[in-house]
Every structure is written in C-alpha cells, then in structure tokens.
Amino acid sequence: MPKSKRNRAVTLSKAKKKGREHKESIVNTMRQAAESYNSAYVFSFENMRNLKFKEFREQLKSSSRFFLGSNKVMQIALGRSVSDEVRPGIHKVSKLLHGNAGLLFTNLSKEEVERLFNAYEEYDFARTGSTVTEQVELKEGPLEQFTHEMEPFLRKQGMPVRLNKGVVELVSDFSVCEEGKPLSPEAARILRLLGIKMATFRLHLICRWSPEDFELYIDRPDESDVEST
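Residues numbered from 1 in each chain as written. Predicted model: local features only at pLDDT ≥ 70, side-chain atom pairs only at ≥ 80, totals over all residues. Heavy atoms only, no water.

The name recorded for the chain in an unreviewed UniProt entry is Ribosome assembly factor mrt4, from Tripterygium wilfordii. Turning to the chain, the UniProt annotation filed under Subunit (unreviewed entry) states: "Associates with the pre-60S ribosomal particle." Within the UniProt record for the chain, the comment given under Sequence similarities (unreviewed entry) is "Belongs to the universal ribosomal protein uL10 family." (UniProt positions renumbered as here; feature names shortened; annotations may be inferred.)

Below, the structure is given as structure tokens:
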C-alpha cells in the first residue's frame, strides 16, 4: 500500500539562499560607506578568530566600518576600473581584494590606523590542520595537571598513559606535535588541555586609499591574479 502524502515530514527550518537582492544590498551599503568615510584600507588576516575580530570591530565602530565576505562582491561595489569606480582612484583597492582580505572604511587618521593594526595581536589555541610552530614533547612520568577521570580520554588521543595510585602518568616519552607539520585533531585537543596557544590572530595592512593619494603597504599580485570568488 503506498504511503500517504499526509505522513510525509516537512522541514520548516530550511534557510533561503542569499540571492541577488542580498548582494545588491551589500553593494549599496559599501558604496554608501565609500562616500561617507575619509579613507579606505585593504587588510589581510591570519588565524582569523571571529569573536576576537568582533571585539576589535566594536572598538572602532564609532569611526569606522569593516567589510568581510565575497571579494568579488566588494570589487564590484568599489568598481574594478576607472570607468566604473565609485570614487576617483578607488579601483586600485579592488585589485588587492583577494585571498584572506577585508576592507576598512574609516575617518581615523593614517597614523592611528597604522598604530592600531600594528599593535593588534591575539593568541589562541591552534586548530586542526594549522602548521605547528614549535615542537611539544612530554617526558615519562606523572601528569599531575590531569585528574584520574581524564586517563581514558588521554589514551584515546594516543598518549601512552596509565593510572598509578590514582595519578595519571606517561609510561614513556611522548611527542605531541612536531614543528612545521600539520596539527592533528588529537594533538590540537592535547595542546588545549595543556594550555599551549600556538595560533596568533593578526591583521596586516595592505593598502590605503584616500581622495588625495594611494599607498601600498604590502606587495600583492596585480589585477590579472585576482581570484574570481
């Protein structure tokens, strides 16, 4: 007997894809920002941490506006050539929007922006797949920082451990990770337990645009190499 259509489960939580209207809204918002602020900067980032970046953005919200997202949409918003740029010379900014890049519009002085970006640095736990920056090894013996309840979990991470009178101990030396190699999921968990932070969230200025001038901080490929994401 065929199943009744009445009994079919219907998912009500499906989110609609962001379409043309959403992109046009972003483009319009960016063009308004380009008109409203005194200068624009392209910046790159490494080891992005959304919460940390949100805190940094909040510090500057009274004087600045950040944009992260599709590089192609940002390029379209600013204009990719002299013929379609929204302000004179700003198409040079579009050429540098690729890879891990973001855009900042601001009324802050050049000196203040440079000071804030150069001083910004946040340490965090490294994620799986990131490159190990230092070798971490544990010596044979008791691991008193761990409670006895953690012994099964540590064993699952590949650590040669046992309980000795209620104390977790390594039965042999153990290399958690090796410098220059990708971090494994198990090693990432162990480093977190040990409190070792290997990832540094940094922001690097690439260029600065204002109606008066354009300045390049870091060399990047020209327009022909801009990715079409």
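1. Details of the environment of Tyr123
Mapped onto the fold, Tyr123 is located in strand β4 (residues 122-124). For the pair Tyr123 and Lys197, spaced 74 residues apart in sequence, the C-alpha to C-alpha distance is 6.3 Å. Excluding its chain neighbours within four sequence positions, the residues that come into contact with Tyr123 are Lys197, Ala199 and Thr200. Within the structure, the side chain of Tyr123 is placed 2.9 Å from the side chain of Glu121, a separation counted as a polar contact. (Helix = DSSP H or I, 4+ residues; strand = E, 2+ residues; numbered from the N terminus. Contact = heavy atoms within 4.5 Å. Polar contact = N/O pair within 3.5 Å; in protein donor to acceptor, adjacent residues only side chain to side chain.)

2. A word on helix α7 (residues 185-194)
If you check which residues of α7 are buried, you get Ala187, Ala188, Ile190 and Leu191. For α7, the buried positions fall inside an angular range of 165 degrees around the axis, keeping them on one side. Those residues of α7 that are buried lie in contact with β5 (136-138) and β9 (174-177). Once α7 finishes, Gly195 follows within two positions and takes phi at roughly 80 degrees, a positive value. (Buried < 20%, exposed > 50% of the residue type's maximum accessible area, 1.4 Å probe, protein only. Arc of directions from axis to C-beta.)

3. Describing the side chain of Glu151
Mapped onto the secondary structure, Glu151 falls in helix α6 (residues 151-156). Taking the relative accessible area as the measure of exposure, Glu151 reaches 8% and is therefore buried. If sequence neighbours within four positions are ignored, Glu151 has contacts with Val161, Arg162, Leu163 and Val168.

4. A short note on the packing of aromatic side chains
Using the criterion set out here, one finds 9 aromatic pairs in the structure. Taken together, a centroid distance of 4.6 Å and an interplanar angle of 50 degrees make the contact between Phe56 and Tyr120 tilted. Here the residue Phe56 occupies a position in helix α2 (residues 50-59), and Tyr120 occupies one in the loop between α5 (110-119) and β4, the gap between them amounting to 64 residues. Among the residues examined, Phe56 registers a relative accessible area of 2% and is labelled buried. The ring of Phe125 carries the charged tip of Lys197 above its face, separated from the ring centre by 5.4 Å. (Phe/Tyr/Trp six-rings, centres within 6.5 Å; stacked < 30°, edge-to-face > 60°. Lys NZ or Arg CZ within 6 Å of the ring centre and 35° of its normal.)

5. Examining the environment of Val82
Within the secondary structure layout, Val82 lies in the loop between α3 (71-78) and α4 (91-94). Looking at Val82, the relative accessible area reads 60%, which means it is exposed. C-alpha of Val82 to C-alpha of Lys92: the two residues are 10 residues apart in sequence and 8.9 Å apart in space.

6. Structural notes on the UniProt feature "domain: Cyclic nucleotide-binding" (unreviewed entry) in the chain
With numbering matched to this structure, UniProt assigns "domain: Cyclic nucleotide-binding" (unreviewed entry) to residues 104-135. For residues 104-135, helix accounts for 31% and strand for 19%, while the C-alpha atoms at its two ends are 37 Å apart.

7. With respect to the pattern of salt bridges
Under the defined criterion, the tally for this structure stands at 10 salt bridges. With a closest N to O distance of 3.2 Å, Lys61 and Glu58 form a salt bridge. Accessibility expressed as a relative area gives 40% for Glu58, which makes it partly exposed. A salt bridge links Arg155 to Glu151; the shortest N-O distance between them is 2.7 Å. Linking Arg155 with Glu151, this pair stays in helix α6, spanning 4 residues, or about one helical turn. Judged by its relative accessible area of 45%, Arg155 is partly exposed. (Salt bridge = Lys/Arg side-chain N within 4 Å of Asp/Glu carboxyl O.)

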